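Now for the letters of each chain:
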Amino acid sequence: MRILLVEDETSISNFLKDGLEEEGFAVDVADNGKTGLQLALDNLEEYDTIILDWMLPGMSGIEICRNIRKESHVVPVIFLTARDTTDDAVFGLESGANDYIRKPFAFDELLARIRVLMRGKSGENSVFRYKEIILDVDSHRVSKADENVELTQKEFALLEFLLRNKGKVSRRTRIIEKVWDIHFDYDTSVIDVYINALRKKLDDKNSESFIETIRGVGYRINEEA
């Protein structure tokens, strides 16, 4: 899942980027309002959440939010700002934001609010299933037949992406963009390594893999029969 963070305080943006990436998100960062707005408008279909500071060089977060809302009413927007009065919060929400968090803030609270907004955007819950395999995004746990399965961060993100697109072919270029956040020509053979790791940990013995290889294209988890 991809997030745009528009924040001009380097210490805060670095802290948030590191924390969100540890939770499996891909994060783009802009340190001024004009760059933030350009990134937002160029990638509205790609971003799952946009986090805005209010007071930014070049253009305020309020202006960014209003411009985003002219193009999309779907992408969730969160204000993360030192403007801490009730009037400020009301003004921010009335400008089109979905949520308003005051600085200083707790990272766990921000993370929880992001996940709630993402669920609302997608219209789905945070639990994905395939037969005996269950992936819970909120608790960051995977189980099979009620037994926990330990996955690395990238294995978890790859499995989540495939389960979200169950029944569809996930092209290799799309996987490398969404899971690895790489948007240029890149050797996609790294995907094969992680697919094989998932198969070893989650496949049933003596049966075909639950992840189907579409040769020359990508991978697919089929709908259950």
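Values in this document were obtained by computation on a predicted structure and should not be read as measured data.

Procedures and definitions
- Residues numbered from 1 in each chain as written.
- Predicted model: local features only at pLDDT ≥ 70, side-chain atom pairs only at ≥ 80, totals over all residues.
- Heavy atoms only, no water.
- Pairing = 2+ DSSP bridges.
- Helix = DSSP H or I, 4+ residues; strand = E, 2+ residues; numbered from the N terminus.
- Axes fitted to C-alpha atoms, helices over the stretch in contact; angles between N-to-C directions.
- Contact = heavy atoms within 4.5 Å.
- Phe/Tyr/Trp six-rings, centres within 6.5 Å; stacked < 30°, edge-to-face > 60°.
- Buried < 20%, exposed > 50% of the residue type's maximum accessible area, 1.4 Å probe, protein only.
- Lys NZ or Arg CZ within 6 Å of the ring centre and 35° of its normal.
- Arc of directions from axis to C-beta.

**Section: the sheet that holds strand S6 (residues 127–130)**
Part 1 of the reasoning: Across the sheet, which stays open at both edges, the four strands sit in the order S6-S7-S8-S9 with antiparallel pairing between neighbours. Both edges of this open sheet fall to S6 and strand S9 (147–149), since each of them pairs with a single strand only. Strand after strand, the sheet turns through a mean of 25° between neighbouring axes, direction not considered.
Part 2 of the reasoning: The sheet contact formed by strand S7 (residues 133–136) and strand S8 (residues 141–144) spans four bridges and is antiparallel. Residue Ile134 lies in a different strand from S8, and its bridge partner there is Ser143.
Part 3 of the reasoning: In this fold helix H6 (residues 153–164) packs onto S6, S7 and S8, with an angle of close to 105° to the strand it touches most, S7.

**Considering the packing of aromatic side chains**
Part 1 of the reasoning: In total, this model carries seven aromatic pairs according to the counting rule given.
Part 2 of the reasoning: On the numbers, 6.5 Å between centres and 55° between planes, the contact of Phe15 with Phe105 is tilted. Residue Phe15 is located in helix H1 (residues 10–22), and its partner Phe105 is located in the loop between strand S5 (99–102) and helix H5 (107–122); the two are separated by 90 residues in the primary sequence.
Part 3 of the reasoning: Taking 6.0 Å as the distance between ring centres and 25° as the angle between the ring planes, the aromatic pair formed by Trp54 and Phe91 counts as stacked. Separated by 37 residues along the polypeptide, Trp54 in the loop between strand S3 (49–52) and helix H3 (61–71) and Phe91 in helix H4 (residues 86–94) bring together distant segments of the chain.
Part 4 of the reasoning: When its relative accessible area of 8% is taken as the criterion, Trp54 is described as buried.
Part 5 of the reasoning: Taking relative accessible area as the criterion, Phe91 reaches 37% and is therefore assigned partly exposed.
Part 6 of the reasoning: Each residue in the set Trp54, Phe79, Phe91 and Tyr100 is aromatic and connected to the rest through ring pairs, giving one cluster.
Part 7 of the reasoning: The ring of Trp54 has Arg83 lying over it, and the distance from NZ or CZ to the ring centre is 4.2 Å.

**Notes on the side chain of Thr49**
Part 1 of the reasoning: Tracing the backbone through its elements, the reader meets Thr49 in strand S3.
Part 2 of the reasoning: In this structure, Thr49 is in contact with Arg2, Ile3, Leu4, Val75, Pro76, Ile78, Ile114 and Met118, ignoring residues within four places of it in sequence.

**Let's talk about helix H7 (residues 172–180)**
Part 1 of the reasoning: Listed in full, the buried residues belonging to H7 are Arg172, Ile175, Ile176, Val179 and Trp180. Take H7 and look down its axis: the buried residues cluster within an arc of 95°, on one side only.
Part 2 of the reasoning: Those residues of H7 that are buried lie in contact with H6, strand S10 (170–171), helix H8 (189–202) and strand S12 (218–221).

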